[in-house]
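# Residue-level structural notes
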Amino acid sequence: MSSRPVLSAVAVLAGSGLIALAVAATAGSGSWPWALGLGVALLAVLGLALQAAAPPARPVISPAPDLVGAAAQSHDVVVEAAARLAGLIDIRTVYRASATVLARALGAERCLLFDFDRQEDQLRQSEPRGGRVDLVAQPMLRDLLNGGAPVIVHAHDPRLSDADLALLRDHHMVTLLTVPMRVGDHVVGLARLLFGEARGFESFELRAAQTLANQAGLSIQNARAVHVIAEDRDRLAAVLNATHDGVLLLDSTGRVLLTNPRLEEFWGLRGYRLYNRPLAEMLDDPTLQLGDRLGLAQAELEDLLRTLRAGLALSFSKVEFTSRLPRVRHFERTGAPVLDSLDRALGWVIILRDVTEERELQQVRDSLGNMIVHDLRGPLAAIQTGLMFVRDRTPAERMPALALQAIDLALRSCNRLLGLVNALLDIAKMESGELQLQRRPTALAAVIQEVADELTPLARDQGLTLAIETADSLPLALLDPEKMVRVLANLIDNALKFTPAGGVITIRAVRDPADTERALVGVLDTGPGIPDEYSGRIFDRFVQIAGRKGNRSGSGLGLSFCRLTVEAHGGRIWVENRPEGGSAFYFTLPLQER
């Protein structure tokens, strides 16, 4: 019996083992048992194929001593390749190893590998690196990429394309075997083996070549996937290392998966103290004090863990808190779930932004602004008193009409400035909790009527109507009358500025349907309404809707004063757009307890 089939089987074994080892090296040391098992299984399958392919008339004989030596030599090749590839997962190394294994297993002098990009419909030489292949000029390669079987051509074969003829001549070769590399149902590339002598191949040899090529294609794809993952990991690491925010990533069980250097700096902790540890376990560690570091109470952290374990998509809005570990810092915390394709929570990411410097600068600005505003009140009061003295003490016959008009204009301007100064001081006091409300049981209808009487002449001049709707059975409300007059005046004046002539402004006071212990007060207009992007910001200081001009200019402080005053009373304030057009500002106030 010829030794060629047996040697081919041994070569196939060596190639299969090397490919399996290359895959194991790509996946990591944990995959070595799988790789070796794959090599043994492949040996058994190929052995059966060899036995089935042998002519039945020829008896099976025991391996000769020289074949045993060849098998031992192939085993040495496997061991040598394993030692060389064990620590390598670089994709270029896998390309080179795959080409070497295919050439050695099939007895070729050289092996060239080509990658096929199905989306771009391009075939490019990858080992050694080369350019693109013109598939139009090589229809044989196109057939292989479309699912054809391995093809053998010789130097004088009429099917040989000009490019393949040049390939053989350049390498001084005679035979060219082209095998598609398949992964699943798709051809991912081609392996082209060059032989220095005219070679023919039995069907079982071509099947073995196809099996090895498929294994090479699989190992290359695995290496490419690892390469892509490594690139993504490196990009993510670069972003996380460069960001100024602290990042904490938890899995669905509350186990810490990732922290970035910025978070470790914030907390004064090394990442190894947190990695792969359950949050529930670390809550009991007094040296970590995660509740203070995250700005969450113990009960909140436990609720978070229960939500994560339930697979619910928990998210929360921006929250500011102060941490005293390892030093006093002000943080802005946001969080969001990490979801799978079915919107199930796989984990949770927490982002901490250090706003200490911003808050300290804001505090300095506020202190300076409050000091300046406070110092302005004295001179403005003196100017106001002087103007009133000149106007009231000068005889009418000695006061020209033009002078009297100028004094009245100066007084109105002075009163406006004093109003702004007082509003700024009141806002500062309410934000710091220093403002003391003088609350007493008061009839809301009387307060509303007082403000309406004051502003009705202005509404009439603009062609607007003020309407009052109050419930007769509404109990007294606990409020500071002077502050509530200013709240209603600001809301109604704001409606007067932006409601066109012919419109109606309605002031309404009823018992709150959602809470019968509170009153619901609304100021409704028929103006242009409030854009959605401003509905949450309109109550902040100095915020005004861009591009919108009213009948009069404003300071941007009125609605901020309203919000702080209502909240100081224990109520809340919000704005809605009316379906019929216009906006509706609502606020609630506690009613007197019976």
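Everything numeric here is computed off the predicted structure, so don't read it as measured data.

Glancing now at the overall build of the chain. Looking only at helices and strands, the chain has 16 helices and 18 strands in total. Taking all 594 residues of the chain together, the buried fraction comes to 41%. Look at the contacts in the chain between residues 6 or more apart in sequence, and 60% of them connect residues 24 or more apart. Accessible surface, the chain as shown: approximately 31,800 Å² in total, 55% of it carbon and sulfur.

Glancing now at helix H4 (residues 91–106). Relative to the 22 Å expected for 16 residues at 1.5 Å per residue, H4 spans 23 Å between its end C-alpha atoms, a close match to the ideal helical length. Across the 16 residues that make up H4, a large majority, 13, are buried. Following H4 by one or two positions, Gly107 adopts a phi angle in the positive range, close to 75°.

A few words on the sheet that holds strand E17 (residues 573–577). Either a parallel or an antiparallel arrangement is found when strands of a sheet pair, and the pairing is made through backbone hydrogen bonds. On the basis of which strands lie adjacent, the open sheet formed by five strands has the order E13-E15-E16-E18-E17 and mixed pairing. Each edge of the open sheet carries a strand with a single partner, namely strand E13 (465–470) and E17. Taking each pair of neighbouring strands and ignoring which way they run, the sheet shows an average axis angle of 15°. Bridge count between strand E16 (residues 518–524) and strand E18 (residues 583–590): seven bridges; the pairing is antiparallel.

What follows is about helix H16 (residues 558–568). Along H16, the residues that are buried comprise Leu559, Ser560, Phe561, Cys562, Leu564, Thr565 and Val566. Where H16 is buried, its residues contact helix H13 (401–432), helix H15 (481–498), E17 and E18. Note on H16: the residue one or two positions beyond its end, Gly570, has a positive phi of about 90°.

Our next topic: the packing of aromatic side chains. Aromatic ring pairs are reported here in terms of the distance separating the ring centres and the angle at which the planes meet. According to the stated counting rule, one finds five aromatic pairs in the structure shown. Residues Phe321 and Phe331 carry aromatic rings whose centres are separated by 5.6 Å and whose planes lie at 35° to one another, so their mutual orientation is tilted. Of this pair, Phe321 sits in strand E9 (residues 316–323) while Phe331 sits in strand E10 (residues 329–339); the two residues are 10 residues apart in sequence, bridging distant segments of the chain. Residue class for Phe321 comes out buried when judged on its relative accessible area of 9%. Since its relative accessible area comes to 0%, Phe331 is described here as buried. Grouping aromatic residues by their ring pairs yields a cluster made of Phe266, Phe321 and Phe331. For the cation-ring pair, Arg572 lies above Trp574, with the distance from its terminal atom to the ring centre recorded as 4.0 Å.

So, on to a nonpolar patch on the surface. Together, Met371, Ile372 and Leu376 line one region of the surface with nonpolar side chains, adding up to about 270 Å² of accessible area. For Leu376, the position within the fold is in helix H12 (residues 356–393). The class of Leu376 is partly exposed, set by a relative accessible area of 41%.

Scanning the model with the defined rule gives 24 salt bridges in all. The salt bridge partner of Arg92 is Glu127, with a shortest N-O separation of 2.8 Å. Within this pair, whereas Arg92 is found in helix H4, its partner Glu127 is found in strand E2 (residues 122–127), the two being separated by 35 residues in sequence. Looking at Arg92, the relative accessible area reads 15%, which means it is buried. Residue classification places Glu127 among the buried positions, given a relative accessible area of 12%. Notably, a salt bridge pairs Arg142 with Asp121, separated by 2.8 Å at the nearest N-O pair. Taken together, the positions of Arg142 in helix H5 (residues 139–145) and Asp121 in the loop between strand E1 (110–117) and E2 put the pair 21 residues apart, joining distant regions of the chain. Each member of the salt-bridge network shares a partner with another, and the members are Lys318, Glu320, Glu332, Arg353, Glu358 and Arg359.

So, on to the side chain of Ser161. Turning to its location among the elements, Ser161 is positioned in the loop between strand E4 (151–154) and helix H6 (162–171). In this structure Ser161 comes out as buried when scored by relative accessible area, which is 13%. Residue contacts for Ser161: discarding those within four places in its chain leaves Ala137 and Gln138.

Let us now look at the packing of H15 against H16. Where H15 meets H16, the closest approach of the two axes is 9 Å, and the angle between their N-to-C directions is 140°. Regarding the angle of H15 to H16, the classification is oblique. Handedness of the crossing formed by H15 with H16: left-handed. Where H15 abuts H16, its residues Lys483, Arg486, Val487, Asn490, Leu491 and Asn494 lie against Gly558, Leu559, Phe561, Cys562, Thr565 and Val566. Classifying every residue of the contact of H15 with H16 by side-chain character gives six nonpolar, four polar and two charged.

Cut-off values and rules
- Residues numbered from 1 in each chain as written.
- Predicted model: local features only at pLDDT ≥ 70, side-chain atom pairs only at ≥ 80, totals over all residues.
- Heavy atoms only, no water.
- Helix = DSSP H or I, 4+ residues; strand = E, 2+ residues; numbered from the N terminus.
- Buried < 20%, exposed > 50% of the residue type's maximum accessible area, 1.4 Å probe, protein only.
- Contact = heavy atoms within 4.5 Å.
- Areas by Shrake-Rupley, 256 points an atom, 1.4 Å probe, with all protein chains shown as cover.
- Expected span 1.5 Å × (residues − 1).
- Pairing = 2+ DSSP bridges.
- Axes fitted to C-alpha atoms, helices over the stretch in contact; angles between N-to-C directions.
- Phe/Tyr/Trp six-rings, centres within 6.5 Å; stacked < 30°, edge-to-face > 60°.
- Lys NZ or Arg CZ within 6 Å of the ring centre and 35° of its normal.
- Patch = residues over 30% accessible without salt bridge, like charges linked within 9 Å, V, L, I, M, F, W, Y side chains within 5 Å.
- Salt bridge = Lys/Arg side-chain N within 4 Å of Asp/Glu carboxyl O.
- Parallel < 35°, antiparallel > 145°, perpendicular 65-115°, else oblique.
- Left-handed = near helix turned anticlockwise from the far one by under 90°.
- Nonpolar A, V, L, I, M, F, W, Y, C, P; charged D, E, K, R; others polar.

As far as function goes, none of this settles anything; it's purely spatial.
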